[in-house]
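Residues per chain are reported as follows:
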Amino acid sequence: MVLSELYWDHHIPLPKLGPLQSRLVTAFVALVCFINSYDGDFVFDDSEAIINNKVAGIVGRADLLCALFFQLSFLVYCKAFQGGDKKFSVLWIFGSILLCAVAMLCKEQGITVLGVNAAYDILMVCNLNIFEVAHQLLSRRKSADIGGLVRSGLFMRLALLFLGGSFLLYARWRIMGTGPPSFTEVDNPASFAENVILRIVNYNYYYSLNAWLLLCPWWLCFDWSMGCVPLIKSATDWRIFWPLLLWCCLMGLVYQALCSQDSNKRRTLTFGLVLLVIPFLPASNLFFRVGFVIAERVLYLSSAGYCLILAYAVGFCSCHWKKHKVSATLTLLCVNVARSAQRSQQWRSEQSLFASALSVCPLNAKVHYNVGKNLADRGNQSAAVKYYREAVRLHPKYVHAMNNLGNILKERNELKEAEVLLSAAVNIQPDFAAAWMNLGIVQNSLKKFDKAEQSYWNAIKFRKKYPDCYYNLGRLYADLNRSIDALNAWRNATMLKPDHSLAWNNMVILLDNTGNLAQAELIGKEALKILPKDHTIMFSLANVLGKQEKYKESEGFFLNALKINPNVASCHGNLAVLYHRWGKLDLAKRHYELSLRLDPSAPGTKENYNMLKRKLELRQRTVG
C-alpha cells in the first residue's frame with residue numbers, strides 16, 4: 001500500500017432628521033437582504049479544498065459579523081445625538097468606537113466605520129454644505145463660522161474618532177506585525193504591472209467590475225484570480241470604456257451631491273457616496289497591495305451606500321411615475337431575492353458551485369482545478385484529467401494541478417508522463433514537499449530507486465514532520481531489502497503520527513518475515529495499545545503468535561479481528577491454519593469453509609482444506 005497526497009434585530013433609533021431618516025433605515029434593511037446576493041472568497045489550503053459557504057451557511061460569519069458590528073457602531077454613534085439642544089454623549093461615542101474595534105476584529109475593513117461616522121457628523125449633525133465650506137475657506141470669507149463648529153463639539157468628536165482609530169491601527173500593528181502579507185502575481189496581476197499607467201487603468205477597470213456587481217449581481221464566482229480578468233495592456237482595448245463610464249457616473253453623482261440646491265438631496269447623495277466609497281478603500285489597492293482581483297465580500301459594506309442611493313433614486317422616480325412606484329420597488333426586490341435564492345442553491349454542493357464558475361471565469365485555472373478535483377474525489381478520473389490539463393494549460397506554473405494530474409496518471413500506470421509533471425512541479429516550486437513525495441512514489445514504481453530515495457528525503461527536508469513520506473521511504477527500503485532502514489523509517493512515521501496503522505503493521509510484518517518473532521510481538525502489542533481496534537494489526541500479531549505456538553493468545557487476536565471485520569477471508573483462513581496445527585480440526589474445517597465462501601480463489605486455502613479433509617477421513621476410518 002502506498003500513500004499519496006492530493007492538493008488540494010437590534011434596533012437603535014436614529015435622530016430625527018426628516019426624510020433622510022427613512023432612507024437610512026431602508027438602506028440598512030436593504031443591505032441585509034442585498035448581502036445575500038454576494039459570495040465570499042473561496043479560500044484553498046495547499047493540501048485540500050475547503051468550501052466556505054458564505055451565502056447559506058455560518059462559515060462566512062467573519063464578513064457578515066463585520067457588517068453587523070459596522071452598522072451597530074454607526075447606529076450607536078447616531079444615538080449620541082439624541083439628547084437635544086445640540087448636546088452629545090461621549091459615552092455613546094466611546095461605545096461606537098468599541099463596536100468599531102469588534103468589527104475590525106472580524107475583518108480589518110470594519111475600521112472604516114469611523115470615517116462613515118465622521119462624515120455623518122459633518123453632513124447630518126452639523127448640516128454642513130461641503131461645497132460652500134470649501135469655497136469659503138478658499139476665498140477666506142466667513143472664517144468666523146469655524147468658531148461655531150468648535151462650540152458645537154465637532155472637532156472634539158472628530159478628535160475622539162481619530163484617536164480611537166489610531167489606537168486600533170496601532171493595536172493591529174502590534175498584534176499582526178508591521179508588513180502586509182506577501183502575494184503572488186496570480187493573486188493580483190495588476191499590482192505587479194511594471195508600468196504605473198497600466199496599473200492605474202487596470203485598478204479602475206476592477207472598480208468598474210465591482211460597480212457592475214453592485215448593479216447586477218449576476219456574474220458571481222468563488223474566485224476571480226488566475227487569469228479570470230485579463231489585464232488591459234493597450235489603449236485599443238474596448239474595456240477601457242467601462243472605467244470611463246464609471247467615473248462619468250461618479251462625477252455626475254458628486255456634482256449633484258455637492259452643488260444641488262435641494263439640501264435633502266445633497267445630504268442624501270453625499271452620505272450615500274460616503275457609505276459606498278469609504279468601506280471600499282481598503283480593497284482599492286490605493287494604500288497597499290491586496291491579495292485578490294475581485295472579492296465580492298468587500299462589497300458587503302459598500303452595498304449600504306448603493307442601497308441608499310438606489311432608495312433615493314426610486315423615491316425620485318416615483319414622484320414622476322407614481323402609478324409604477326409599488327410595482328418597480330417590488331420588481332427590484334423580487335429580482336434580488338430570486339438571485340440570492342439561486343446563488344444559495346449553487347453553493348449547496350461543490351459540483352454545482354464549480355460548474356457555475358466555469359461560465360463566469362472560463363480562463364481561471366483554479367476553477368478548472370477545483371472542477372477536476374471534485375470529479376476525482378467522486379471517482380471520475382478520466383473527466384478530472386481533462387480539467388487538470390486545462391488548468392495547467394491556462395497556468396503553466398500551477399504546481400498543485402500538476403501534482404494532482406501526476407497522481408492520477410500514476411494510478412493509471414502512465415508513469416513516464418507522471419514523472420515529467422511532478423518533476424516540473426518541484427522545479428517550479430522546490431519546497432513543494434507533497435510533489436517531492438509523489439515523485440518518489442513514481443520513481444519507485446519505475447525502479448529508479450536512488451532517485452526515489454532522494455525525492456523522499458527532499459520532501460522530508462521541506463516538511464520535517466511528514467509521517468506519510470517516512471512510511472513510503474520505509475516501503476522503498478523494504479523493496480531494497482534494507483530492513484534496518486525500513487524499520488527506522490516506519491518508526492519515525494509512528495513517532496510523528498502514533499496512529500499510523502500502516503507503519504505499525506508493516507513493522508510487524510517485516511519483523512515476522514525476517515524471523516524476529518519476539519520483537520514483532522512487542523511491536524504489535526505496542527501498536528494495539530495505541531490502536532486497540534485495528535483489525536489488521538491484530539491479524540498480523542496473531543500470525544506471529546501462532547508461529548511461536550502461543551495458540552490460545554493467537555486465537556484471541558484472530559477472533560477479536562473477526563469481530564471487528566467478519567468478512568476477511570484471509571483472517572478466517574489463517575485462523576483455520578492455527579486450529580489445524582493446534583489439533584482443533586472441526587473448528588479448522590469450519591473456518592476453512594468460511595474463508596472459501598468469502599474468497600474461493602484464496603491462495604493455499606483450498607489445498608489446506610483438502611489436506612484437512614483427508615486427515616478427518618483418516619481419523620474417521622481409524623475410529624471405525
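What comes next is a walk through the structure. As the structure is a prediction and not an experimental result, all values here were calculated from the model. (Residues numbered from 1 in each chain as written. Predicted model: local features only at pLDDT ≥ 70, side-chain atom pairs only at ≥ 80, totals over all residues. Heavy atoms only, no water.)

### Describing the overall build of the protein chain
And step 1. Helix and strand counts for the protein chain stand at 28 helices and 0 strands.
And step 2. Taking all 624 residues of the protein chain together, the buried fraction comes to 48%.
And step 3. Roughly 31800 Å² of accessible area belongs to the protein chain as shown, and the carbon and sulfur atoms make up 61% of that amount. (Helix = DSSP H or I, 4+ residues; strand = E, 2+ residues; numbered from the N terminus. Buried < 20%, exposed > 50% of the residue type's maximum accessible area, 1.4 Å probe, protein only. Areas by Shrake-Rupley, 256 points an atom, 1.4 Å probe, with all protein chains shown as cover.)

### Focus: the side chain of Asp468
And step 1. With respect to the secondary-structure elements, Asp468 resides in helix H20 (residues 467-479).
And step 2. Notably, Asp468 is buried but unbridged: the nearest opposite-charge side chain belongs to Lys497, and the N-O separation is 4.5 Å.
And step 3. At 3.1 Å, the side chain of Asp468 and the side chain of His500 are in polar contact. (Lys, Arg positive; Asp, Glu negative; His and termini not counted. Salt bridge = Lys/Arg side-chain N within 4 Å of Asp/Glu carboxyl O. Polar contact = N/O pair within 3.5 Å; in protein donor to acceptor, adjacent residues only side chain to side chain.)

### Re the state of the cysteines
And step 1. For the coordinates displayed, the defined rule picks out 1 disulfide.
And step 2. At a sulfur-sulfur separation of 1.7 Å, the disulfide partner of Cys228 is Cys361. In this pair, Cys228 sits in the loop between helix H8 (196-215) and helix H9 (241-259) while Cys361 sits in the loop between helix H13 (350-360) and helix H14 (365-377), placing the two residues 133 residues apart along the sequence.
And step 3. Given a relative accessible area of 11%, Cys228 falls into the buried group.
And step 4. Note on Cys361: relative accessible area 1%, which makes it buried.
And step 5. Left unpaired, Cys221 is separated from the closest cysteine sulfur, that of Cys361, by 3.9 Å.
And step 6. Here Cys248 is not cross-linked by a disulfide; its sulfur's nearest cysteine counterpart is in Cys249, at 6.9 Å.
And step 7. Residue Cys248 is classed as exposed on the basis of its relative accessible area of 55%. (Disulfide = S-S within 2.5 Å.)

### A word on unusual backbone geometry
And step 1. Despite not being glycine, Asn481 shows a phi value in the positive range, around 60°.
And step 2. Here the phi dihedral of Glu549 falls at roughly 65°; this positive angle occurs in a residue that is not glycine.
And step 3. Note that Glu549 resides in the loop between helix H24 (535-547) and helix H25 (551-564).
And step 4. Take Glu549: its relative accessible area is 57%, and that puts it in the exposed class.

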